[in-house]
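Descriptive analysis of the structure
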Amino acid sequence: MNSNSDQHFVLLGLGSNIEPELNIERGLQALRQLDANIQFSQSVKSKAVGFNGADFINAIVVIHTQLDLLELKTQMKTIEKDMGIVSNPSGCFNKKLDIDIITYQNWTGTYFNLTLPRPEVFYNAHVLGPLAKFKPEYILPSQTKSAKALWSNYPHKNRIEFI
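Residues numbered from 1 in each chain as written. Predicted model: local features only at pLDDT ≥ 70, side-chain atom pairs only at ≥ 80, totals over all residues. Heavy atoms only, no water.

Considering the confidence of the model for the chain
With 92% of its residues at a pLDDT of at least 70, the chain reaches an overall mean of 91. The secondary structure element of the chain with the lowest average pLDDT is strand β5 (residues 85–87), at 59, and the one with the highest is strand β8 (residues 109–111), at 98. (pLDDT = per-residue confidence, 0-100. Helix = DSSP H or I, 4+ residues; strand = E, 2+ residues; numbered from the N terminus.)

As structure tokens, this is what we get:
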């Protein structure tokens, strides 16, 4: 972990439902270009949310970066684009790689069309579950309970499988 004071602590969510093991690893390799010391959670398997698609594999990643939020958002979109996105007939997307910025430092609010912390962390098991297992004592910005405590009260734990 970088100890420079100008390094920003960021939680990212990675997901893939097209060759997910391969593409999550490729995503991690791309993120290592930003932070050689990334940390990542145990992966989880879950059903696609919002459309009928293949199961996703998801993980939580911690990076430390000097990029400001807009630069980080642009870099994440570039990595996704470089990996390729395949749409299905319903207009929803199967993805080789989806990268979501969950937190950036302790910021709360909406910046560059990103809401922080990302709201899905509170209601999608494939985000909260691996976060709670990976960083159980972490308190999300704007919250008073740890990730572990939030997960302990989560009603749909059976929507994911730790792999």
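Now, onward.
Digging into unusual backbone geometry
With an omega of -10°, the peptide bond running from Leu116 to Pro117 counts as cis. A positive phi angle is found at Gln105, which is not glycine, with a value near 55°. Among the structural elements, Gln105 can be located in the loop between β7 (98–104) and β8. Residue classification places Gln105 among the partly exposed positions, given a relative accessible area of 27%. Not every positive phi belongs to a glycine, and Ser142 is a case in point at roughly 80°. Its location among the elements puts Ser142 in the loop between α4 (125–134) and α5 (147–152). With a relative accessible area of 56%, Ser142 lands in the exposed category. (Buried < 20%, exposed > 50% of the residue type's maximum accessible area, 1.4 Å probe, protein only.)

Side note on α4
For α4, a buried count of 8 out of 10 residues is recorded, marking the element as mostly surrounded by other parts of the structure. Here α4 has its buried residues at Ala125, His126, Val127, Leu128, Gly129, Pro130, Leu131 and Ala132.

Remarks on the nonpolar core
In this structure, Leu12, Leu14, Leu31, Val61, Met76 and Ile101 are the most contacted members of the largest nonpolar core, which totals 21 residues. Counting only elements with at least two residues in this core, the list comes to β1 (8–16), α1 (20–32), β4 (56–65), α2 (69–83), β7 and β9 (114–116). With residues near it in sequence (within four places) discarded, Val61 still touches Val10, Leu11, Leu12, Leu14, Leu28, Leu31, Ile38, Gln39 and Phe40. Counting residues in each nonpolar core, the second largest holds 18 residues, with Val62, Val127, Leu131 and Leu140 among its members. (Core = buried A, V, L, I, M, F, W, Y, C linked by side-chain atoms within 4.5 Å. Contact = heavy atoms within 4.5 Å.)

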